[in-house]
Amino acid sequence: MAAEAAEGGAERAQDARRTLAAALQEHQTAPLAALRLAAGLSQAQVTELTQIMQPQLSRLENGRTPNPGTDTVNKLCRAYGVDQNTFAAALRETLEQQAGE
């Protein structure tokens, strides 16, 4: 019973992340974060999947890491289920937004 409740909670959290991602994409906000959320992942889950530390991921999503390494990009593309062109476009948009603030 407890396992079913925990699983249901995880599914609801994943659905909520996807809903948030759609809203972010619609308003063209935080493109890299939107990719992660569209995959239904929290930053902690991405860290677990990729071994990329959460502070590094946060800096990337906030446009403070303009040139992530190839290994980082490849890991995130696999985790998010996107190709490198999609990731690069989201990174470019993130950096442009950061420059505009």
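Thresholds applied
- Residues numbered from 1 in each chain as written.
- Predicted model: local features only at pLDDT ≥ 70, side-chain atom pairs only at ≥ 80, totals over all residues.
- Heavy atoms only, no water.
- Helix = DSSP H or I, 4+ residues; strand = E, 2+ residues; numbered from the N terminus.
- Buried < 20%, exposed > 50% of the residue type's maximum accessible area, 1.4 Å probe, protein only.
- Contact = heavy atoms within 4.5 Å.
- Areas by Shrake-Rupley, 256 points an atom, 1.4 Å probe, with all protein chains shown as cover.
- Core = buried A, V, L, I, M, F, W, Y, C linked by side-chain atoms within 4.5 Å.
- Axes fitted to C-alpha atoms, helices over the stretch in contact; angles between N-to-C directions.
- Left-handed = near helix turned anticlockwise from the far one by under 90°.
- pLDDT = per-residue confidence, 0-100.

### Details of the overall build of the protein chain
Next up, step 1: Counting its secondary structure elements, the protein chain contains six helices and zero strands.
Next up, step 2: In the protein chain, the order of α-helices and β-strands from amino to carboxyl end is α-α-α-α-α-α.
Next up, step 3: Counting only residues that meet the buried cut, the protein chain has 37% of its 101 residues in that class.
Next up, step 4: For the protein chain, the proportion of contacts with a sequence separation of at least 24, taken over those separated by at least 6, is 52%.
Next up, step 5: Surface summary for the protein chain: the accessible area is close to 6200 Å², and the carbon and sulfur share equals 50%.

### Some words on the nonpolar core
Next up, step 1: Core analysis: the biggest nonpolar cluster contains 16 residues, and Leu32, Leu76, Tyr80 and Phe87 have the highest contact counts within it.
Next up, step 2: Counting only elements with at least two residues in this core, the list comes to α2 (31-38), α4 (54-61), α5 (70-80) and α6 (84-100).

### Quick notes on the environment of Gly63
Next up, step 1: Along the chain, Gly63 falls in the loop between α4 and α5.
Next up, step 2: Put simply, Gly63 and Glu96 are 33 residues apart on the chain and 8.3 Å apart in space, counted from C-alpha to C-alpha.
Next up, step 3: Beyond its immediate sequence surroundings of up to four residues, Gly63 is in contact with Thr94, Leu95 and Gln98.

### Side note on the side chain of Ser42
Next up, step 1: Note that Ser42 resides in the loop between α2 and α3 (43-50).
Next up, step 2: If sequence neighbours within four positions are ignored, Ser42 has contacts with Arg17 and Arg36.

### Brief notes about the packing of α3 against α4
When two helices pack together, their arrangement is given by the angle between the helix axes and the distance between those axes.
Next up, step 1: Two elements in contact, α3 and α4, have axes separated by 9 Å at closest approach and are oriented at 115°. Seen from above, α3 lies across α4 with right-handed handedness. On α4, the residues that touch Gln43, Val46 and Thr47 of α3 are Gln54, Leu57, Ser58 and Glu61.

### Describing the confidence of the model for the protein chain
Next up, step 1: The predicted model of the protein chain has a mean per-residue pLDDT of 86, with 82% of residues at 70 or higher.
Next up, step 2: Looking over the protein chain, one finds the lowest element-wise mean pLDDT in helix α1 (residues 2-26), namely 70, and the highest in α5, namely 97.

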